[in-house]
Amino acid sequence: MLSKIKAILNDAEHRHTAINAAIALFIRVFGAGMAFVFNLIIARQLGAEQSGYFFLSFAVAMLLSAFARLGFDNTVLRFTGANANNGATVNSILSFALKYSLPVASAIAVILYFLSPLIANNVFNKPEMANSLAFIAPAIIGLSAVTIIAMSLQGRHNLIASIPCQNIAHFLLCGAAVLSFNTSAADTTALYLSLSLGVTASFFYWIALKSLNSAGNTVSPHELWNSARPNWIIVIMNQAVQWCAPIIIGVYLVAEQVAYFSVAQRIAMLTTFILMAVNLVVAPKFAAFKAANNMDGIRKTALFSVRLLVLSALPIVLFMLLLPEFLMGLFGEQFKQGAVILQILVLGQAVNVITGSVGFLLMMSGNERDMRFVTIISGCGVLLSVPLFTSLYGAMGAAVATAFFISLQNLLAVYFVKKRLGFNTLKFWQKI
């Protein structure tokens, strides 16, 4: 065993992947812990009903932000990863993406702000959440900015800044504000989140520009749009798979059910923080390998990363499957009602982990259209099945539909990776 580990680490690319994945994992563990604590603070401070309003408003903001980014998040990652050492190129890519996405995000935020009473009453039949929707509207701008800036930093392998930008800083600021001012209302919490995202975006934009040199050429706008268009559908459908269920539960069921599902979903997604940590390292590598036409490098890095994922994530998955009531009970006694929902969602996320970075494999290797097809299938499946299953079986039905289509999305991506790149990530034991 030791000789095999030594042989693997003698390979420069595998050693770089393992070391950087360990660094990213350390930061992601902190980020996952921060997200867990943030959700814990929201659930305990606000209670089931008010936290339900907040989580529902947040899901709406996340979905609208995905639309506002115009597909530039993964495009920024791909082209920055391929031009990481060219400061002018990196700057032009980031500026181009923000130039088009932020005005769209601003327009959507204004519309949501003014239509929030109408949406709360007529769509969700929850007039009490009108203020929450209004105060979280500016978060659409902040979420769009931090995501694109984080992708730029990730493409330059600046993990120490990229992860806090996207997953830590705004939760830390908002959670601290909720505790400091002893907040118990969803609308006030939504306002704190919007302000926290504004501060986070401004700070990390300064970080992103600070270390750039002036060397390099600009990337053709035509190339960026050609990548962004299929990516836009991919991002929207991915976000639909993730955030559609709590929104639809909010339409059909009471706010407490939204809270139970949202908490279970956020706990289940902790299983993927290892996947996200590995993605932070390998996604720019895939883009660089593709630019150099090094297909063997893509295959070896992909299979090695799956091995890291399987070994790291299995204990977490088992813990969540065996002790769901304990985990849900941390958020309050009444949240134990979501224990079975948690188990169902964990199974879906487990498939996500063991298939590896298949989505990034397709997108970073220029096969965005295949990934677009996959996400359209899964996204449409969720949009059709979740309302039906929710109306018939409640939040548990929504969990089953969500877990099934998360699994299907990743298995279809595995198929296209095999078809386009010639290897199967599920066969992670094969020689590399």
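Further up the page is the structure itself.
What counts and how
Residues numbered from 1 in each chain as written. Predicted model: local features only at pLDDT ≥ 70, side-chain atom pairs only at ≥ 80, totals over all residues. Heavy atoms only, no water. Helix = DSSP H or I, 4+ residues; strand = E, 2+ residues; numbered from the N terminus. Buried < 20%, exposed > 50% of the residue type's maximum accessible area, 1.4 Å probe, protein only. Contact = heavy atoms within 4.5 Å. Areas by Shrake-Rupley, 256 points an atom, 1.4 Å probe, with all protein chains shown as cover. Patch = residues over 30% accessible without salt bridge, like charges linked within 9 Å, V, L, I, M, F, W, Y side chains within 5 Å. Salt bridge = Lys/Arg side-chain N within 4 Å of Asp/Glu carboxyl O. Phe/Tyr/Trp six-rings, centres within 6.5 Å; stacked < 30°, edge-to-face > 60°. Axes fitted to C-alpha atoms, helices over the stretch in contact; angles between N-to-C directions. Parallel < 35°, antiparallel > 145°, perpendicular 65-115°, else oblique. Left-handed = near helix turned anticlockwise from the far one by under 90°. Expected span 1.5 Å × (residues − 1). Bend = angle between axes of the 7 residues up to and from the residue. Core = buried A, V, L, I, M, F, W, Y, C linked by side-chain atoms within 4.5 Å. Polar contact = N/O pair within 3.5 Å; in protein donor to acceptor, adjacent residues only side chain to side chain.

> Which residues make up the overall build of the protein chain, and what are the values?
In terms of helices and strands, the protein chain carries 16 helices and 0 strands. For the protein chain, the proportion of its 432 residues judged to be buried stands at 57%. In the protein chain, the share of contacts with a sequence separation of at least 24, taken over all contacts with a separation of at least 6, comes to 83%. Carbon together with sulfur atoms contributes 66% to the accessible area of the protein chain, which is approximately 17,200 Å² in total.

> Please provide a residue-by-residue account of a nonpolar patch on the surface, values included.
Taken together, the side chains of Leu314, Leu318, Phe319, Leu322, Leu323 and Phe326 make up a nonpolar region of the molecular surface, amounting to roughly 610 Å² of accessible area. With 4 residues, helix α12 (residues 295–322) is the largest single contributor of residues to the nonpolar patch. Take Leu323: it is sitting in the loop between α12 and α13 (324–329). Classification of Leu323 by relative accessible area gives partly exposed; the value is 37%.

> A description of unusual backbone geometry should follow, citing residues and the corresponding values.
The phi torsion of most residues other than glycine is negative, and most of the peptide bonds are trans. The backbone phi angle of Asn125 is positive, close to 55°, even though this residue is not glycine. Looking at Asn125, the relative accessible area reads 62%, which means it is exposed. The backbone of Asn182 shows a phi angle near 50°, a positive value even though the residue is not glycine. You can see Asn182 is positioned in the loop between α7 (159–180) and α8 (186–210). Residue Asn182 is classed as exposed on the basis of its relative accessible area, which comes to 58%.

> Break down the packing of aromatic side chains for me, with residues and values.
Taken as a whole and judged by the stated rule, the model has 23 aromatic pairs. Aromatic pair Phe96 and Tyr100: ring centres 4.9 Å apart, planes at 55°, arrangement tilted. One end of the pair, Phe96, and the other, Tyr100, are both in helix α4 (residues 87–123), 4 residues apart, so they sit about a helical turn from each other. Here Tyr100 falls in the partly exposed class, since its relative accessible area comes to 31%. By way of ring pairs, the aromatic residues Phe38, Phe54, Phe55, Phe58, Phe171 and Trp243 are connected into one cluster.

> I'd like a rundown of the packing of helix α3 (residues 72–82) against helix α9 (residues 221–252), residues and numbers included.
For the pair α3 and α9, interaxial distance at closest approach is 7 Å and the crossing angle is 130°. As summarised for this structure, α3 and α9 are arranged oblique, according to the angle between their axes. Note on packing geometry: the crossing formed by α3 with α9 is right-handed. Contacts between α3 and α9 pair Phe72, Asp73, Asn74, Thr75, Arg78 and Phe79 from the former with Glu223, Leu224, Trp225, Ser227, Ala228, Asn231 and Val235 from the latter.

> Provide a residue-level description of the pattern of salt bridges, including the pertinent values.
Counted according to the given criterion, the structure contains 5 salt bridges. The salt bridge involving Asp73 is made with Arg69; its shortest N-O contact spans 2.8 Å. For Asp73, a relative accessible area of 5% gives the class buried. Overall, Arg69 belongs to the buried group, its relative accessible area being 6%. The partner of Arg420 in a salt bridge is Asp370, with the nearest N and O atoms 2.6 Å apart. Of the residues examined, Asp370 reaches a relative accessible area of 10% and is grouped as buried. Because the salt bridges share partners, they merge into one network encompassing Asp296, Arg299 and Lys300.

> Break down α7 for me, citing the residues and quoting the values.
Since the α-helix turns once every 3.6 residues, residues separated by three or four places project in the same direction. Relative to the 32 Å expected for 22 residues at 1.5 Å per residue, α7 spans 29 Å between its end C-alpha atoms, a close match to the ideal helical length. The largest bend in α7 comes to about 60°, at Cys165.

> With reference to specific residues and values, describe the nonpolar core.
Of all hydrophobic cores here, the largest spans 140 residues; its most connected members are Phe54, Ile267 and Phe335. Beyond its immediate sequence surroundings of up to four residues, Phe54 is in contact with Phe38, Ile42, Leu46, Ile136, Ala186, Thr189, Ala190 and Leu193.

> Run through α8, naming residues and quoting values.
Here α8 is 25 residues long and its end C-alpha atoms lie 36 Å apart, about the 36 Å a rise of 1.5 Å per residue gives. Within the sequence span of α8, burial applies to Ala186, Thr189, Ala190, Tyr192, Leu193, Ser194, Ser196, Leu197, Thr200, Ala201, Phe204 and Ala208.

> Hey, could you go over the side chain of Thr200 for me, with residue numbers and the actual values?
In this fold, Thr200 is placed in helix α8. A polar atom in the side chain of Thr200 sits 3.4 Å from the backbone nitrogen of His170. Ignoring anything within four residues of it in the chain, the contact list for Thr200 reads Val146, Cys165, Ala169, His170 and Leu173.

> If you had to explain the side chain of Ser378 to someone new, which residues and values would you point to?
Along the chain, Ser378 falls in helix α16 (residues 368–421). On the basis of relative accessibility, which here comes to 0%, the residue Ser378 falls in the buried class. A polar atom in the side chain of Ser378 sits 3.2 Å from the backbone oxygen of Thr375. Sequence-distant contacts of Ser378, that is, excluding residues within four places in its chain, are made with Val241, Phe405 and Gln409.

> Describe the packing of α9 against α16, listing the residues and the values that go with them.
Here α9 crosses α16 at 0°, and the two axes come no closer than 9 Å. Put simply, α9 runs roughly parallel to α16.

> Would you mind going over the environment of His170 in detail, with residue names and values included?
Tracing the backbone shows His170 in helix α7. Taking C-alpha positions, His170 is 6.8 Å from Leu193, a pair spaced 23 residues apart along the chain. The residues touching His170, leaving out its near neighbours within four places in the chain, are Cys165, Leu193, Ser196, Leu197 and Thr200.

> I'd like a rundown of the environment of Phe36, residues and numbers included.
Relative to the assigned elements, Phe36 resides in helix α2 (residues 12–68). Apart from residues lying up to four places away in sequence, Phe36 is in contact with Ile267, Leu270, Leu330 and Phe331.

Everything listed is a geometric property; what it means functionally is a separate question.
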